[in-house]
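# Structural overview for review
In case you want the letters, here they are:
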Amino acid sequence: MDPSRGAISELPIKAEVRNFNFHYGEFHALKDVTMPLCERKVTALIGPSGCGKSTLLRSFNRMHDLYAGNRYGGEIILHPDQTNLLDPRVDPIEVRMRLSMVFQKPNPFPKSIYENVIYGQRVRGVTKRSVLDDKAEEALRAAALWGEVKHRLHDMAFALSGGQQQRLCIARALATDPEVLLFDEPTSALDPIVTASIEELIHQLKEKVTILIVTHNMQQAARVSDFTAYMYLGELIEFGYTEEIFIKPRDKRTEDYITGRFG
Amino acid sequence: MSPSSSSPAVSERLARKASRHISERIIEATLFAAAAVSIFVTVAIVFILVRESVAFFQQVPVVDFLSDTQWTPLFDDAHFGILVLLSGTAVSSTVALAVAIPIGTTIAIFLSEFASQRTRETAKPILELLAGMPTVVFGYFALMFVTPLLQELMPELPGFNLLSAGLVMGIMIVPIVSSIAEDAMRAVPMALREGSYAMGATRLQTAFYVVLPAAVSGIGAAYILGIARAVGETMILAIAAGMQPKLTFDPREPAATITAFIVQVALGDLPHGSIGYQTIFAAGLTLMLFTLLFNILGFWLQRKYRERY
């Protein structure tokens, strides 16, 4: 280990998962997962299909509460509140206001570009035009989309290309000033050039927010993340600095996956 | 030169099987015939309507038909003002839709976005049962139950009136509106809902800001179908609204609608080819044109407001 970098435990922590278990009905999808999320860093979740990485990501903003038959236990502590996000007394709506999410496929609403971006403000009851306008511009700039859409903010969002739609979804997620951004395979439906632009964007965003990203693409994890967690069959096999996971993984299973022996 | 003659030897195993070919053709022909029958019937209906209406309009000028304010086709002093019947249809349909659209939409939103699977699976068949009830039952329900109830509130209300018939007709149309609107809302992809929830929206906000706008074309189709049903409804109006043709826009009054007039005249013994007999067809054609108009309107709205998602 590079001594100048220091131990992960000494870095500022934004959130930590503790002994997290998840069941889809009878199926035990996540087993005793414990891992930190370092503040203003990008953490990547990798692993073969069905390993539970998306399930873990969606636990952070309580998306599982939308469906019947899901059970979970353990804790996801958010700092600085030191509050367990999974506590039944915690309102999932409040959680989702602070932890935003970007999905696998761009899912803009059937509304104008402008209305899409300010959706989070709208549902919070903000109606003041000047506030909304400022938010929209700020978020679109942060998502590197402002230049392309500033003259057609009131066009339908579907008029945009796939890559622009995904950046619009990122802008939408940013417009609520979240502390954590959750990315669920954000580039799997996009071509390589657009993917590169989204990765570049993620790189810029980590100056302000903590990022957790699920990806199927190991090169992507290597390119964008500071930390990587390798998951397999619902277990967290290995967590560490991305370079270490990729260059000298400690676990044989991680090595097999990284080197493409299966997956 | 055809390919078969250029290569004389087609292997026995690859040659066309005549038996299979024939059975395929028979099935194709049967399917085509089934489709053709329905088109033929439609064309025949339109043909009869138009033919008899042409005969009618040779005796009654179109201008009189559209502008006269009396409808007395069977009297000695005959007047043929279709507006009289249209007003009855318009008033009763408006009352019905004022009931069916808000209630139907609310039910659709509830079933699609709020109800548990069990509630939905129980409620939907019961609602659809309402749609399957014979309209004559609704008619007597309006006359024997709703009208007396309304008379408690409005003592001047006559025994036959458009209001009671329209209200009951609205109840009858509720399941049509709610069922189709619910299907449209349920067809909105889960990804859109998740996007909304992930932004911190509540269920109600998700339903109104995202699902409803995304399903608007399907919901519009549900409304158009409801309108068509209201305009074409016969039995409830014939029973509960009275059959006196009267130019009125007051739902508290009795009046005849186009459909009620048709059923009234068709029940009497009018000589074939008489002017009274031909009025049925002129009225029927008017009704068909209105339904067609609504269908075209619905089609146009659906295309204009179609949401891609």
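All of these numbers come straight from a predicted model, not from anything done at the bench. (Residues numbered from 1 in each chain as written. Chains lettered and ligands numbered in written order. Predicted model: local features only at pLDDT ≥ 70, side-chain atom pairs only at ≥ 80, totals over all residues. Heavy atoms only, no water.)

Moving on to the overall build of chain B. Of the regular secondary structure elements, chain B holds 13 helices and zero strands. N-terminal to C-terminal, the α/β element order of chain B is α-α-α-α-α-α-α-α-α-α-α-α-α. The C-alpha atoms of chain B give a radius of gyration of 26 Å, which is well past the 19 Å a tight globule of 309 residues would have. For chain B, the spread of C-alpha atoms along the principal axes amounts to about 90 × 65 × 35 Å. Within chain B, buried positions represent 42% of all 309 residues. Across chain B, every contact between residues at least 6 apart in sequence was considered, and the portion connecting residues at least 24 apart equals 70%. Between the mean site of the 19 positive side-chain charges and the mean site of the 21 negative ones, chain B shows a separation of 18 Å. (Helix = DSSP H or I, 4+ residues; strand = E, 2+ residues; numbered from the N terminus. Rg over C-alpha atoms; globule rule 2.2 N^0.38 Å. Buried < 20%, exposed > 50% of the residue type's maximum accessible area, 1.4 Å probe, protein only. Contact = heavy atoms within 4.5 Å. Lys, Arg positive; Asp, Glu negative; His and termini not counted. Charge placed at Lys NZ, Arg CZ, Asp CG, Glu CD.)

What follows is about the packing of helix α7 (residues 162-186) of chain B against helix α10 (residues 216-232) of chain B. Residues and elements named next belong to chain B. Look at α7 against α10: their axes get within 8 Å of each other, and the N-to-C directions meet at 160°. Classified by the interaxial angle, the pair formed by α7 and α10 is roughly antiparallel. Note that α7 runs across α10; the crossing there is right-handed. Residue-level contacts link M169, M172, I173, I176, V177, I180, A181, A184 and M185 of α7 to G218, I219, A222, Y223, L225, G226, R229 and A230 of α10. (Axes fitted to C-alpha atoms, helices over the stretch in contact; angles between N-to-C directions. Parallel < 35°, antiparallel > 145°, perpendicular 65-115°, else oblique. Left-handed = near helix turned anticlockwise from the far one by under 90°.)

On to the sheet that holds strand β5 (residues 83-84) of chain A. Residues and elements named next belong to chain A. Strand order in the open sheet made by the four strands is β2-β1-β4-β5, with antiparallel pairing throughout. Both edges of this open sheet fall to β2 (27-38) and β5, since each of them pairs with a single strand only. Relative to β2, strand β1 (residues 13-24) runs antiparallel, the two sharing eight bridges. Following the sheet pairing, V17 is matched in β2 by M35. (Pairing = 2+ DSSP bridges.)

Residue and element names in this part refer to chain A. As enumerated under the stated definition, the model contains 26 salt bridges over all chains in all. Note that E115 is salt-bridged to R122, the shortest N-O span being 2.7 Å. Its relative accessible area of 27% is what places R122 among the partly exposed residues. One salt bridge connects K135 with D177, and the closest N-O pair in it is separated by 2.6 Å. On the criterion of sequence distance, the pair formed by K135 in helix α5 (residues 129-142) and D177 in the loop between α7 (162-174) and β7 (180-184) is long-range, its members being 42 residues apart. Relative accessible area serves as the criterion here: at 16%, K135 is assigned to the buried category. Among the ionic contacts, a cluster of salt bridges with common partners joins K14, D81, R98 and E179. (Salt bridge = Lys/Arg side-chain N within 4 Å of Asp/Glu carboxyl O.)

Here we come to the packing of aromatic side chains. Throughout the structure, instances matching the rule amount to 17 aromatic pairs over all chains. Between the aromatic rings of F20 of chain A and F22 of chain A, the centroid separation amounts to 6.4 Å while the plane-to-plane angle is 40°, which identifies the pairing as tilted. A centroid spacing of 4.8 Å and a plane angle of 70° characterise the contact between F22 of chain A and Y24 of chain A, whose relative ring orientation is edge-to-face. Members of the aromatic cluster, joined through ring pairs, are F56, F57, F65, W71, F80 and F261 of chain B. The cationic tip of R172 of chain A hangs over the ring face of F109 of chain A; the distance from NZ or CZ to the ring centre is 4.2 Å. (Phe/Tyr/Trp six-rings, centres within 6.5 Å; stacked < 30°, edge-to-face > 60°. Lys NZ or Arg CZ within 6 Å of the ring centre and 35° of its normal.)

On the chain A side, the residues contacting the 21 residues of chain B number 25 residues. Regarding the contact of chain B and chain A, the summed buried area is about 1900 Å², with carbon and sulfur atoms giving 63% of it. Of all residues in chain B, E194, A198 and M199 of chain B give up the largest surface area on contact with chain A, accounting jointly for 34% of the area buried on that side. Linking chain B with chain A are one salt bridge. R58 of chain A is the salt-bridge partner of E194 of chain B, the closest N and O atoms lying 2.6 Å from each other. For the side of chain B that touches chain A, the secondary-structure elements that each account for two or more residues are α8 (190-198) and α9 (203-214) of chain B. Class assignment of the residues belonging to the side of chain B that touches chain A gives a composition of twelve nonpolar, six polar and three charged. (Buried area = accessible area lost by both parts, 1.4 Å probe. Nonpolar A, V, L, I, M, F, W, Y, C, P; charged D, E, K, R; others polar.)

We now examine the side chain of R172 of chain A. Looking at the element boundaries, R172 of chain A is found in helix α7. Setting aside chain neighbours within four positions, we find R172 of chain A in contact with N107, P108, F109, N116 and V117 of chain A together with G195 and M199 of chain B.

Here the focus is the nonpolar core. All names here are of chain A. With 44 residues, the main nonpolar core has L140, I170, F183 and L205 as its most contacted residues. In contact with I170, other than residues within four places in its own chain, are V102, A143, F183, I198, L201 and L205. Listed in part, the 36 residues of the second largest apolar core include L30, V33, L57 and Y241. (Core = buried A, V, L, I, M, F, W, Y, C linked by side-chain atoms within 4.5 Å.)

This brings us to a nonpolar patch on the surface. Residue and element names in this part refer to chain B. A cluster of nonpolar side chains, M133, V136, V137, Y140, M144 and M235, forms an exposed patch at the surface whose accessible area comes to about 530 Å². Ranked by residues supplied to the nonpolar patch, first place goes to helix α6 (residues 135-153) with four residues. Counting through the fold element by element, Y140 comes out in helix α6. For Y140, a relative accessible area of 45% translates into the label partly exposed. (Patch = residues over 30% accessible without salt bridge, like charges linked within 9 Å, V, L, I, M, F, W, Y side chains within 5 Å. Areas by Shrake-Rupley, 256 points an atom, 1.4 Å probe, with all protein chains shown as cover.)

So, about the environment of A240 of chain B. Within the fold, A240 of chain B resides in helix α11 (residues 235-240). Considering only alpha carbons, one finds A240 of chain B and L143 of chain B, 97 residues apart in sequence, at a separation of 4.9 Å.

When the pLDDT values of chain B are averaged, the result is 88; 96% of them are 70 or greater. Here the predicted complex carries an ipTM of 0.90, next to a pTM of 0.81. (pLDDT = per-residue confidence, 0-100.)

A word on the sheet that holds strand β3 (residues 42-46) of chain A. All names here are of chain A. If you trace the six strands from one edge of the open sheet to the other, you get β6-β7-β8-β3-β9-β10, paired in mixed fashion. Both edges of this open sheet fall to β6 (99-102) and β10 (235-241), since each of them pairs with a single strand only. Shown here is a sheet whose adjacent strand axes are inclined to one another by a mean of 15°, direction ignored. Direction of pairing for β7 relative to strand β8 (residues 210-214): parallel, over a ladder of five bridges. In the strand pairing of β8, D184 is matched with V214.

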